[in-house]
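This is what each chain is made of:
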Amino acid sequence: FTLRQMEPPANPGDSPVELELTVENVESALYQLYFDPDMELKNVAQKWLTQAQGSAQAWQFCWALLSPDKLPEVQFFGASTLHTKISRHWSDLPADQHESLRMQLLSHILHFSSGPKMVLTRLCVALASMALNLIPQAWPQPVADMVRAFQPQKPDSEGGSGAEASQDPHAHCLALLELLTVLPEEFQSGRLAQARRTQLREALVREWVVVCPMLRQLLQSQDSSNQVKEKVLRCLSSWVGLDVPLGESHELVQDCFTALSNPELFDTAVETIVNAISQPDCQRYIDALVKLMPLVLGLHDQLKKAAQDGDMETSHGICRIAVAMGETHSRVLLEQVDHWQEYLALVNMILYCTGIPGHYPVSETTSSLTLTFWYTLQDDILSFEEEKQAVYLQVYRPVYFQLVDVLLHKSHYPSQEEYTSWSSDDKEQFRIYRVDISDTLMYVYEMLGAELLSNLYDRLGRHLMDPQQSAIWQDTEALLFGFQSIAETIDVNYSDVIPGLIGLIPRINISNVMLADTVMYTIGSLAEWLADHPVMLGGILPMVLQGLVKAELSVSSVSTLKRICRECRHDLGPYAQDILTVSQDVLVKEIHKSSQCMWLMQALGFLLSALPVDEILGRLHSLITPHVQRLDTLAQHEPDPANKQSIVHILGMLSSLFTTLDINRQADGLEGAASPRLPASQSSQNPVVVVLQQVFTLIQTILSKWLDDSEVVEAVCGVFDKSVRTLLHDFGPMVAQLSEMLGQIYSAFPQASALDLARQMVHIFAGDEHHISNIKGLTEVLTSATLTIFQQGDAMKFLFVFSHCFISLILHLFHRSAGSS
């Protein structure tokens with residue numbers, strides 16, 4: 001609300017904490033809270049006013065604050081204080097004052113019925129809270145009493161409230177509706193014991209027989225203003241939350257549909273109808289649901305007109321109603337075999353909403369609302385016993401084939417020019433929308449099965465064979481998108497259309513970036529199939545390598561190559577040189593961002609792992625030599641921020657390569673499995689170990705200049721950490737050198753990354769008699785350096801940054817060396 005100028009306090013310098021509880025001092029504190037620029041004084045005032053609300057005197061001063069001559073902000077605080085006292089300190093009020101309080105509240109609500117709205121609402125909430133404290137014993141029929149109190153009275157009738165009520169019946173009607181609206185809301189928000197909550201809910205639901213006829217009368221009356229009708233709709237929404245029986249209120253819900261033709265009431269009517277038919281308890285009232293169905297179907301023409309006119313608000317609202325009916329009650333409505341045509345009509349209405357014209361989210365926002373409905377309907381159909389299921393599938397499988405067409409059409413990119421004009425937020429929303437469509441297509445496959453893939457394949461084949469059709473890249477992209485959506489999570493290894501698809505893909509012109517991206521992702525989704533059919537790799541890999549050299553296809557092409565190298569590595573020998581040549585070229589030219597370079601090195605690690613052992617070292621040297629030379633050049637320079645990022649990047653690429661380069665991977669390529677380790681000999685060290693030994697001096701040079709930089713040290717430790725995790729005991733020849741280097745790092749500048757690496761060393765080698773002396777020596781150095789940190793008074797810093805790593809390391813040491821110590 002807008003604060004209006006309040007008179008300053010008589011003594012503005014006084015702190016509220018020192019003031020007595022008087023009306024004047026409360027107003028002074030409110031002025032300080034609202035208008036004083038000093039935040040500290042505002043906080044003091046806030047604290048004092050909160051204490052004032054909790055005081056016993058608040059029962060008295062709140063009424064003075066509600067005086068007609070007070071400003072709305074003061075009146076609002078008075079009404080809020082009343083609510084606070086009633087909701088939190090009810091037990092402080094003697095029972096013989098309850099009736100007086102109720103009459104005062106009703107009187108004030110009538111007085112404030114014309115506003116200010118904020119004060120009226122708080123008074124209504126206060127009376128609602130009072131009713132919840134008295135129901136059902138002390139106040140058995142609160143709603144009936146409230147309605148009676150607000151009835152228009154004759155001028156000569158006795159009782160002040162009745163006389164006031166006759167002054168503005170419209171305002172008092174709105175006030176009564178406000179009171180009836182907040183009553184269920186106050187119940188929902190209150191902190192109540194479960195037994196008490198159940199008791200109150202039952203009592204309030206019994207009052208619905210009084211509320212419902214009154215709401216129907218007001219909604220149907222030609223004399224009711226739009227303002228009144230809107231309050232009626234909001235009131236119904238509030239009571240629906242109590243699970244009032246649809247069997248008793250479906251006629252009122254039916255009346256709400258008439259409000260959809262009124263633009264001023266449309267949004268509120270949609271919200272009310274959706275709330276009313278979304279209650280799970282509604283499923284008990286099948287006759288009521290069946291009676292509502294024609295009203296929902298009757299909105300189809302209004303929906304189509306709104307879609308044609310580009311009226312997104314109207315189409316969105318009607319779609320919400322259709323989806324609420326279809327999704328919440330799909331199983332119940334499916335079982336109404338006498339009304340199967342009506343439910344099929346509803347499903348088709350929702351299908352229309354799914355395919356509503358326009359590009360999401362720029363020219364329509366409706367279609368996304370429907371996607372969860374298709375999950376629900378499919379789950380319900382497939383949950384029936386086999387005989388019933390067959391009947392439903394006969395009816396709904398054609399609908400789901402239409403759905404696939406609609407979803408693929410909705411996934412279409414706009415023209416390149418239009419897409420370029422979209423905001424980054426619109427593009428991101430569209431990307432997420434396509435992910436949702438992809439998930440839906442994957443799910444639909446469960447109902448349509450292999451026939452869906454055959455359908456997509458046939459359409460793609462016809463499309464690519466026709467030069468005019470294939471020129472429309474969006475159609476090609478959408479069909480591939482459908483394939484990829486299914487192949488990403490469904491096992492398509494036994495599908496008889498995949499060989500044909502693999503044969504079609506090289507015919508696709510990937511000059512368009514969006515189409516090329518989808519081609520890459522589709523190939524990646526078929527990586528496991530290619531592993532079982534390696535003869536097909538020759539036709540596909542050139543496209544992937546063609547994409548690899550394009551920066552705009554960075555993410556899709558690199559991730560696809562990584563998947564192929566991981567799944568098909570044992571069959572990539574004939575293509576290894578081409579893959580390595582193109583990869584080395586794009587890395588040297590820095591075509592890809594840092595994260596994609598890491599993925600690419602992981603892909604090459606998988607590739608090298610499967611090559612003959614006597615070839616690996618040579619190819620490994622060829623791959624990393626340009627980067628090691630660059631690292632050597634950088635190491636000669638003095639520390640510089642630009643050089644630092646290059647050093648960290650190159651070390652990161654080595655780490656990524658060594659994460660996946662494992663010559664002892666099981667030959668059959670089962671992920672996560674490993675064959676027995678090959679015995680290491682002096683003459684046949686692991687290629688990774690050979691490289692690490694060759695660059696060890698260079699790494700020491702880097703550390704000598706960057707030892708106080710945690711990012712560089714972390715990158716150095718990462719190289720060895722990834723290697724030791726991958727190689728395990730094959731890393732043995734490096735233990736002595738690395739143990740000494742780690743001790744030097746930690747003694748000079750204790751860093752967590754060094755401790756993490758030391759922990760890995762302890763975990764693997766502490767139980768190995770060939771390395772126990774090096775591990776013990778390393779632990780002694782780490783312990784000594786740690787004690788020095790404590791002695792220098794940096795204990796808190798140490799505990800915060802390093803203690804978890806150090807304690808874990810010591811536990812590993814004791815655990816691993818227990819047998820030999």
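Residues numbered from 1 in each chain as written. Predicted model: local features only at pLDDT ≥ 70, side-chain atom pairs only at ≥ 80, totals over all residues. Heavy atoms only, no water.

Draft legend 1. Quick look at the overall build of the protein chain. Along the backbone of the protein chain there are 41 helices and zero strands. Looking at the protein chain as a whole, 52% of its 821 residues qualify as buried. In the protein chain, the share of contacts with a sequence separation of at least 24, taken over all contacts with a separation of at least 6, comes to 74%. (Helix = DSSP H or I, 4+ residues; strand = E, 2+ residues; numbered from the N terminus. Buried < 20%, exposed > 50% of the residue type's maximum accessible area, 1.4 Å probe, protein only. Contact = heavy atoms within 4.5 Å.)

Draft legend 2. Broad picture of the side chain of Thr-779. The residue Thr-779 is located in helix α39 (residues 772-791) in this model. Within polar-contact distance, the side chain of Thr-779 engages the backbone oxygen of Ile-775 at 2.8 Å. (Polar contact = N/O pair within 3.5 Å; in protein donor to acceptor, adjacent residues only side chain to side chain.)

Draft legend 3. Region of the structure containing the environment of Gly-310. Along the chain, Gly-310 falls in the loop between α15 (300-309) and α16 (312-328). C-alpha separation for the pair Gly-310 and Gly-358, spaced 48 residues apart in sequence, amounts to 8.7 Å.

Draft legend 4. The arrangement of unusual backbone geometry in detail. Following Gly-115, the chain continues to Pro-116 via a peptide bond in cis, the omega torsion being -5 degrees. Mapped onto the elements of the fold, Pro-116 is located in the loop between α5 (98-111) and α6 (117-134). Residue Glu-590 is not a glycine yet carries a positive backbone phi of 55 degrees. Structurally, Glu-590 is set in the loop between α31 (576-588) and α32 (594-609). One non-glycine residue, Leu-728, lies in positive phi territory at about 55 degrees. With respect to the helices, strands and loops of the structure, Leu-728 is situated in the loop between α36 (710-727) and α37 (735-748). A residue is classified by how much of its surface remains accessible, and Leu-728, at 36% relative accessible area, is partly exposed.

Draft legend 5. Highlighting the environment of Ile-650. By the secondary structure assignment, Ile-650 is in helix α34 (residues 641-660). Through-space distance from the C-alpha of Ile-650 to that of Val-628 is 7.9 Å; in sequence the pair is 22 residues apart. Aside from chain neighbours lying at most four places away, what touches Ile-650 is His-627, Arg-630, Leu-631 and Leu-634.

Draft legend 6. Representation of helix α13 (residues 266-277). Between its first and last C-alpha, α13 extends 17 Å over 12 residues, near the 16 Å set by a 1.5 Å rise per residue. Across the 12 residues of α13, nine count as buried, placing the element largely inside the fold. In this structure, the buried side of α13 is in contact with α11 (226-240), α12 (246-258), α14 (286-297), α15 and α16. (Expected span 1.5 Å × (residues − 1).)

Draft legend 7. Examining the pattern of salt bridges more closely. Summed over the entire model, instances satisfying the criterion amount to 27 salt bridges. Salt-bridge contacts for Lys-117 lead to Glu-178; the nearest nitrogen and oxygen are separated by 3.6 Å. One end of the pair, Lys-117, is in helix α6; the other, Glu-178, is in helix α9 (residues 169-189), with 61 residues separating them in the sequence. Note that Lys-644 is salt-bridged to Glu-711, the shortest N-O span being 3.1 Å. Note that Lys-644 is positioned in helix α34 and Glu-711 in helix α36, a separation of 67 residues in sequence. (Salt bridge = Lys/Arg side-chain N within 4 Å of Asp/Glu carboxyl O.)

Draft legend 8. Spatial organisation of the packing of aromatic side chains. Scanning the entire structure with this criterion turns up 15 aromatic pairs. Pairing Phe-373 with Trp-374 gives two aromatic rings, centres 4.9 Å apart and planes at 70 degrees, and the pair type is edge-to-face. When sorted by exposure, Phe-373 lands in the same class as Trp-374, which is buried. Between Tyr-419 and Trp-422 the ring centres are 5.5 Å apart and the planes differ by 55 degrees, which places this aromatic pair in the tilted class. Each of the two residues, Tyr-419 as well as Trp-422, counts as buried. One aromatic cluster in this structure is built from Tyr-360, Tyr-413, Tyr-419, Trp-422, Phe-430, Tyr-433 and Trp-473. (Phe/Tyr/Trp six-rings, centres within 6.5 Å; stacked < 30°, edge-to-face > 60°.)

Draft legend 9. Structural detail: the confidence of the model for the protein chain. Per-residue confidence for the protein chain gives a mean pLDDT of 88; residues scoring 70 or more make up 90%. Scored below 50 in pLDDT, residues 1-17 makes 37 contacts in the model with residues more than four places away or belonging to other chains. In this model, residues 156-166 is a region of pLDDT below 50 whose contacts with residues beyond four sequence positions or in other chains number 10 contacts. (pLDDT = per-residue confidence, 0-100.)

Draft legend 10. Just helix α29 (residues 537-548), in detail. Between its first and last C-alpha, α29 extends 16 Å over 12 residues, near the 16 Å set by a 1.5 Å rise per residue. Those residues of α29 not exposed but buried are Leu-537, Ile-540, Leu-541, Met-543, Val-544, Leu-545, Gly-547 and Leu-548. Looking at the packing, one finds that the buried side of α29 touches α26 (498-504), α27 (513-525), α28 (527-532), α30 (554-567), α31 and α32.

Draft legend 11. Spotlight on the side chain of Ser-753. Looking at the element boundaries, Ser-753 is found in helix α38 (residues 752-765). On the basis of relative accessible area, Ser-753 is assigned to the buried category, the value being 16%. Residues contacting Ser-753, with those up to four places away along its chain left out, are Val-713, Glu-714 and Cys-717.

Draft legend 12. Structural context of the state of the cysteines. Applying the stated criterion across every chain yields a total of zero disulfides. Cys-319 supplies the cysteine sulfur nearest to Cys-353, a cysteine that is in no disulfide, at a spacing of 3.7 Å. Taking the relative accessible area as the measure of exposure, Cys-353 reaches 0% and is therefore buried. (Disulfide = S-S within 2.5 Å.)

Draft legend 13. Region of interest: the packing of helix α33 (residues 613-636) against helix α35 (residues 687-706). For the pair α33 and α35, the least separation of the axes is 11 Å and the interaxial angle reads 5 degrees. The angle between α33 and α35 places the two elements in the roughly parallel class. Counted together, Ile-616, Leu-617, Leu-620, His-621, Ile-624, Val-628, Leu-631, Asp-632, Ala-635 and Gln-636 of α33 and Pro-687, Val-688, Val-690, Val-691, Gln-694, Val-695, Leu-698, Thr-701, Ile-702 and Lys-705 of α35 form the full contact between these two elements. Considering only residue class, the contact of α33 with α35 consists of 14 nonpolar, four polar and two charged. (Axes fitted to C-alpha atoms, helices over the stretch in contact; angles between N-to-C directions. Parallel < 35°, antiparallel > 145°, perpendicular 65-115°, else oblique. Nonpolar A, V, L, I, M, F, W, Y, C, P; charged D, E, K, R; others polar.)

Draft legend 14. Expanded view of the nonpolar core. By size, the foremost hydrophobic cluster in this structure holds 263 residues, and its most contacted members are Trp-239, Tyr-396 and Phe-720. The element best represented in this core is α6, accounting for 13 residues. In contact with Tyr-396, other than residues within four places in its own chain, are Leu-334, Tyr-343, Leu-344, Val-347, Leu-377 and Ile-381. Residues Val-23, Phe-61, Leu-65 and Val-74 belong to the second largest nonpolar core, which totals 15 residues. (Core = buried A, V, L, I, M, F, W, Y, C linked by side-chain atoms within 4.5 Å.)

Draft legend 15. Region of interest: the packing of α37 against α38. Running from N to C, α37 and α38 point in directions that differ by 150 degrees, and their axes come no closer than 10 Å. Relative to α38, the crossing made by α37 is left-handed. For the pair α37 and α38, the contacting residues are Val-735, Leu-738, Ser-739, Leu-742, Ile-745 and Tyr-746 in the first and Ala-754, Leu-755, Leu-757, Ala-758, Met-761 and Phe-765 in the second. Split into classes, the residues belonging to the contact of α37 with α38 amount to 11 nonpolar, one polar and no charged. (Left-handed = near helix turned anticlockwise from the far one by under 90°.)

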